[in-house]
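# Architecture and fold: a report
Each chain is listed here by its residues.
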Amino acid sequence: MSSIDGVISELSGIRNALGQDAGEPWRRPQRGSTEAPASERVTGDPIFDSGRWEIADQRLWDEKKERARRTVEGEVLSSGRTGIEALAWYASFHDNQDNWGIYIPLSSLALSDELYLSKLPMDRDRRLRLAWSILLHHEQMHFAVDHACAWFELMLRAPIRREFMARFRAEPPLPAVTMSEAYLEIEETAANAHMLRQLGRAAPRQVVQTIESFVESQPAGYREGLDFTGDTAFAEAVAETLRSYLALWAIEYSLDLGSREMNLLRLLPLGDGNALAECPVYVLDDLADVGIAPGSVRLIQRITEIVESQSFKKQLRRQEPAVRRDWSRKKEQIKIVLPSPPRFEKLKNWEPPTWSLRLRDGHRVHLQPPDLGAAAWRAVAIGNHKEMGHG
């Protein structure tokens, strides 16, 4: 049993701590389709391929882009969602123990790219990965806050999160809580600040500035994340978020949450890769709902089936035994997970689209993805760095 499963099990013994909301967490607000989109759980660092990009319905795509922009930037609310929450969302394990987790639609990656990232000097695949990182890091903060609330609930044996949300959404709202129409502003500030902190550590300045402009375009609470990226400010945003959830319980149990010596940030598992990995992440294939042709954006997590061409087999026989053995090992490994770029990467401007998988001693295998509706990749070439045309 994982630690989150254990926490959920313990919470089930606290009255009103858990609920089972009737809503389906994978259903995007105001979807055009009546059917739930296909979902796939994502593990590790996903790779996206837009080599078959095609706008199937230009009018619908233009309408969805404008609708998304207005919702993200707070001009309209979509079922209470605005800012980044209009693009991706976290379903709490407090509310849905069967299908909790982070949900990121493929359409949101395409919309984020088109609306906010398209001017960056990088290809679409890399921009889609950047969009994924932006949305994922933001939503991971919501999971981290959910996680911290659960620990307080176990300690106090009290339904802190669900009772707070019930009061928060009631009319009239709590006068002491800074809020918008449907969200806790300080939590969205912390979530965007966390995202900016994570991506700002290694991204080029132009990328950081583009992400900052995206944040600046969002409504109150979200855009303030720009002002809370420093260590002290970020810690205070997190502390204020938790104090909002715990305020009434702190009074009842005489908790001193304002102590300068209490670092509430440490209660969030943001630096714990194992804890973050326990939060399920799902990608939703809803491209048709925004006018994009099926297969225009594909998530690649593993390669379970490979067909070797005759020319590949001839080249393979000429390789040293160690290289052949390495290829055999790699074929089994990529059935589980693909290595991150550059160990597995799409070759620029190759037709047909071709991917390079690195082997030992500078050797590569060239792989071509399956046609739409097929499953098997094609191994078309193997050789050393020079033989494979890598310069």
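In this report, we go over the structure that sits alongside the text. Each residue is numbered by its place in its chain's sequence as written, counting from 1. For this predicted model, a pLDDT threshold of at least 70 governs which residues receive local features, and a threshold of 80 or more governs which side-chain atom pairs are given and counted, while totals over whole chains, interfaces and linings are taken from all residues. The side-chain figures draw on all heavy atoms in the structure; neither hydrogens nor water molecules are used.

Segments assigned H or I by DSSP are reported as helices when at least four residues long, segments assigned E as strands when at least two residues long, and all are numbered from the N terminus. Broken down by element type, the protein carries 11 helices and 11 strands. Taking 2.2 N^0.38 as the reference for a compact globule, 391 residues should give roughly 21 Å; the C-alpha atoms of the protein span a radius of gyration of 23 Å, in line with that estimate. Across its three principal axes, the protein shows a C-alpha extent of roughly 75 × 45 × 40 Å. Residue exposure (1.4 Å probe, protein chains only): buried if accessible area is under 20% of the type maximum, exposed if over 50%, otherwise partly exposed. By residue count, 49% of the 391 residues in the protein fall in the buried class. Residue contacts are counted whenever heavy atoms from the two residues lie within 4.5 Å of one another. Considering only contacts in the protein between residues 6 or more positions apart, those separated by 24 or more positions represent 70%. Carbon and sulfur atoms make up 47% of the accessible area of the protein, which amounts to about 18900 Å² in all. The protein carries 50 positive and 56 negative side-chain charges, and their two centres are separated by 9 Å. Within these notes, the globule rule equals 2.2 Å times the number of residues to the 0.38 power, and the radius of gyration is based on C-alpha atoms. For accessible areas, the Shrake-Rupley method is used with a probe of radius 1.4 Å. Any residue's cover is judged against the shown protein chains and nothing else. Under the counting rule used here, the positive set is Lys and Arg, the negative set is Asp and Glu, and His together with the chain ends is not counted. The location of each charge is read from NZ of Lys, CZ of Arg, CG of Asp or CD of Glu.

This brings us to helix H3 (residues 106–117). The buried fraction of H3 is high, at 10 of 12 residues. Taken together, the buried positions of H3 are occupied by Leu106, Ser107, Ser108, Leu109, Ala110, Leu111, Ser112, Asp113, Tyr116 and Leu117. Tucked into the core, H3 has its buried residues touching strand E2 (47–49), helix H2 (58–72), strand E4 (101–105), helix H4 (124–156), helix H7 (205–216) and strand E5 (281–285).

Further remarks concern the packing of helix H6 (residues 185–200) against helix H8 (residues 231–253). Lines fitted to the C-alpha atoms define the axes, with helices restricted to the stretch that makes contact. Angles between their N-to-C directions range from 0 to 180 degrees. Where H6 contacts H8, the two axes come as close as 9 Å, and the packing angle between them is 145°. As for how H6 packs across H8, the hand of that crossing is left-handed. Contact residues: Ile186, Glu187, Ala190, Ala193, His194 and Arg197 in H6; Asp231, Phe234, Ala237, Val238, Glu240, Thr241, Ser244 and Tyr245 in H8. Following the grouping adopted for this structure description, the nonpolar residues are Ala, Val, Leu, Ile, Met, Phe, Trp, Tyr, Cys and Pro, the charged ones are Asp, Glu, Lys and Arg, and the polar ones are all others, Gly among them. Residue composition of the contact of H6 with H8, by class: 7 nonpolar, 3 polar and 4 charged. Here is the rule for handedness: rotate from the far helix to the near one, and if that takes an anticlockwise turn smaller than a right angle the crossing is left-handed, while a clockwise turn gives right-handed.

If you look at the biggest cluster of nonpolar residues, it comprises 54 residues, and the most contacted ones within it are Phe93, Leu109, Trp132 and Ile134. Looking at this core, the elements that each hand over two or more residues are helix H1 (3–11), H2, E4, H3, H4, H6, H7 and E5. Counting residues per element, this core draws most heavily on H4, at 10 residues. Excluding its chain neighbours within four sequence positions, the residues that come into contact with Ile134 are Ile84, Leu117, Met195, Leu199, Ile211 and Phe214. Joining through side-chain atoms within 4.5 Å is the link that ties buried Ala, Val, Leu, Ile, Met, Phe, Trp, Tyr and Cys residues into a set, and such a set is a nonpolar core. Core analysis: the next-biggest nonpolar cluster, separate from the first, contains 30 residues, Ala148, Ile160, Met165 and Leu270 among them.

Turning to a positive patch on the surface, a few remarks are in order. Taken together, the side chains of Lys313, Lys314, Arg317 and Arg318 define a basic patch exposed on the protein surface. Locating Lys314 in the fold gives a position in helix H10 (residues 310–317). Like charges within 9 Å and nonpolar side chains (Val, Leu, Ile, Met, Phe, Trp, Tyr) within 5 Å are joined into patches, using only residues over 30% in relative accessible area that form no salt bridge. Each salt bridge in this description consists of a side-chain nitrogen of Lys or Arg and a carboxyl oxygen of Asp or Glu lying within 4 Å of one another.

Two strands are said to pair when DSSP picks up at least two bridges between them. Read across the open sheet, the 5 strands follow the order E7-E11-E10-E9-E8; overall the sheet is mixed. Looking at strand neighbours, the two that pair on one side only are strand E7 (306–308) and strand E8 (344–346), the edges of this open sheet. With direction set aside, neighbouring strand axes in the sheet form an average angle of 30°.

On to H1. For H1, the complete set of buried residues consists of Ile4, Val7, Ile8 and Leu11. Projected onto a plane normal to the axis of H1, the buried residues spread over an arc of 100° and lie on a single side. By arc we mean the arc of the directions from the helix axis to the C-beta atoms, nothing more.

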